[in-house]
Each structure stands twice: as structure tokens, then as C-alpha cells.
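Working through the structure, step by step
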Amino acid sequence: MRWFIRLNFTSIIFAFPLFISLELMLNVYRIGRVTGWDLEKVKRIIHIYNFVGFVILTIIFLYIVNKWMEGRAARYWTIPLSILYLFLFIFIFKSLLPITYPGDDPNPVSGLIVIALMILYPFYLFFINLFVNSKAALR
């Protein structure tokens, strides 16, 4: 039972940063309108968050997989579970905070970026799991 809770909690931890990144990227106009910042400032803050978050979260993800997943092959289940949790987060966010102002709709190109991230993120998680597995094999 403890392993099941760790697996799900790890999947939630894996899904949440991608969710935050996607929502920030898709809600640039809303953030700018609500805060009063110009779009360049909002974009700059989002780019900084994405870059710094990627570096820091890679280190955190490596630590979590190494510490909590204990070298089990079942840790690869975090990949599909994180995608499911990501969809759950998006559904909850869109249900609680729908876009009511038409000017807040994201650009059509944003959809292509979301598709690319949704394709690449599972590979990113796979390589994190693989890297921890290869480090454990070298011990």
C-alpha cells in the first residue's frame, strides 16, 4: 500500500510542473489583463520560470525517483499516471476558471506547442527513470 501511495504521489509531482507551465503559457493574455503587466513582461517571467524550473525540477525528479522508487521497474508507471493526473489538473482548472473574456483565448500556435510538450514530456520522464536506473546499476 505504501508503494502505491508513493507511486501516485510521485506521478502527481511529475504532472504538476507541466500543468503550471502549460497554464502559464496558455493564459498569457489573462495574466497580463489581470495583473496590468504588459505582455513582454509576462512572457519574460514565464520563460524564466520554464528555464529555471526545468533545471531545478530535473534535479528534484532525479532525487525523488532515486529515493522513493527504490530501483523497482514499476516506477515506469509514473509516466502514464502523470499524464492522467495532468489531464485531471487541466480539467479541474478549466472547470473552476473558464475563459469568459474572448480576448484571453490563446493563440492557435500555442496548441502546437502543447502537442509538442505532451509528446516530449513522457520521454523526458522516461529518461529520468532510465538515468536513475543506470546510476543504480553502476553501484
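Residues numbered from 1 in each chain as written. Predicted model: local features only at pLDDT ≥ 70, side-chain atom pairs only at ≥ 80, totals over all residues. Heavy atoms only, no water.

1. Considerations on the packing of aromatic side chains
Inspection of the entire model under this criterion finds eleven aromatic pairs. With a centroid separation of 5.6 Å and an interplanar angle of 40°, the aromatic rings of F9 and W68 are classed as tilted. Placement of the pair is F9 in helix α1 (residues 2–26) and W68 in helix α3 (residues 39–68), with a sequence separation of 59 residues. Using a relative accessible area of 43% as the deciding quantity, one classes F9 as partly exposed. Ring centres of Y76 and F126 lie 5.6 Å apart, and the angle between their planes is 40°; on these two criteria the pair is classed as tilted. (Phe/Tyr/Trp six-rings, centres within 6.5 Å; stacked < 30°, edge-to-face > 60°. Helix = DSSP H or I, 4+ residues; strand = E, 2+ residues; numbered from the N terminus. Buried < 20%, exposed > 50% of the residue type's maximum accessible area, 1.4 Å probe, protein only.)

2. Concerning the layout of surface pockets
Of the pockets and cavities examined, the largest pocket occupies roughly 650 Å³. Taken together, 27 residues line the largest pocket, and the ones lying closest to its centre are S21, M25, N50, I113 and L117. Every element with two or more residues in the lining of the largest pocket is listed here: α1, α2 (28–35), α3 and α5 (108–138). For the lining of the largest pocket, the leading source of residues is α3, giving nine residues. Tallied by class, residues from the lining of the largest pocket come to 19 nonpolar, seven polar and one charged. (1 Å grid on protein atoms, 1.4 Å probe; cavity = no way out; pocket = protein on both sides within 12 Å on 5 of 7 lines; lining within 4 Å. Points joined across faces, edges and corners; volume = space filled by probe spheres on them. Nonpolar A, V, L, I, M, F, W, Y, C, P; charged D, E, K, R; others polar.)

3. Describing the environment of F19
Structurally, the position occupied by F19 is in helix α1. Through-space distance from the C-alpha of F19 to that of L86 is 6.1 Å; in sequence the pair is 67 residues apart. Once residues within four sequence positions are removed from consideration, F19 is found in contact with L86, F89, I90 and F93. (Contact = heavy atoms within 4.5 Å.)

4. With respect to the side chain of T78
Tracing the sequence through the fold places T78 in helix α4 (residues 78–96). Residue class for T78 comes out buried when judged on its relative accessible area of 1%. The residues contacting T78, other than those within four sequence positions of it, are L7, T10, S11, F14, M69 and N129.

5. Quick notes on the nonpolar core
In terms of nonpolar packing, the biggest core is built from 25 residues, with L22, F61, L86, M118, Y121 and L125 touching the most fellow members. Put simply, the parts of the chain that give this core at least two residues each are α1, α3, α4 and α5. Top element by residues in this core is α1. It accounts for nine residues. Sequence-distant contacts of M118, that is, excluding residues within four places in its chain, are made with L18, L22, I83, L86 and F87. (Core = buried A, V, L, I, M, F, W, Y, C linked by side-chain atoms within 4.5 Å.)

6. So, the environment of L18
Counting through the fold element by element, L18 comes out in helix α1. Judged by its relative accessible area of 6%, L18 is buried. Expressed as a C-alpha distance, the spacing of L18 and I45, which sit 27 residues apart in the sequence, is 16 Å. Ignoring sequence-local partners within four residues, the contact set of L18 consists of L86, L117, M118 and Y121.

7. Considering the pattern of salt bridges
Tallied over the full model, the rule gives two salt bridges. A salt bridge links K94 to E23; the nearest nitrogen and oxygen atoms lie 3.5 Å apart. Note that K94 is positioned in helix α4 and E23 in helix α1, a separation of 71 residues in sequence. (Salt bridge = Lys/Arg side-chain N within 4 Å of Asp/Glu carboxyl O.)

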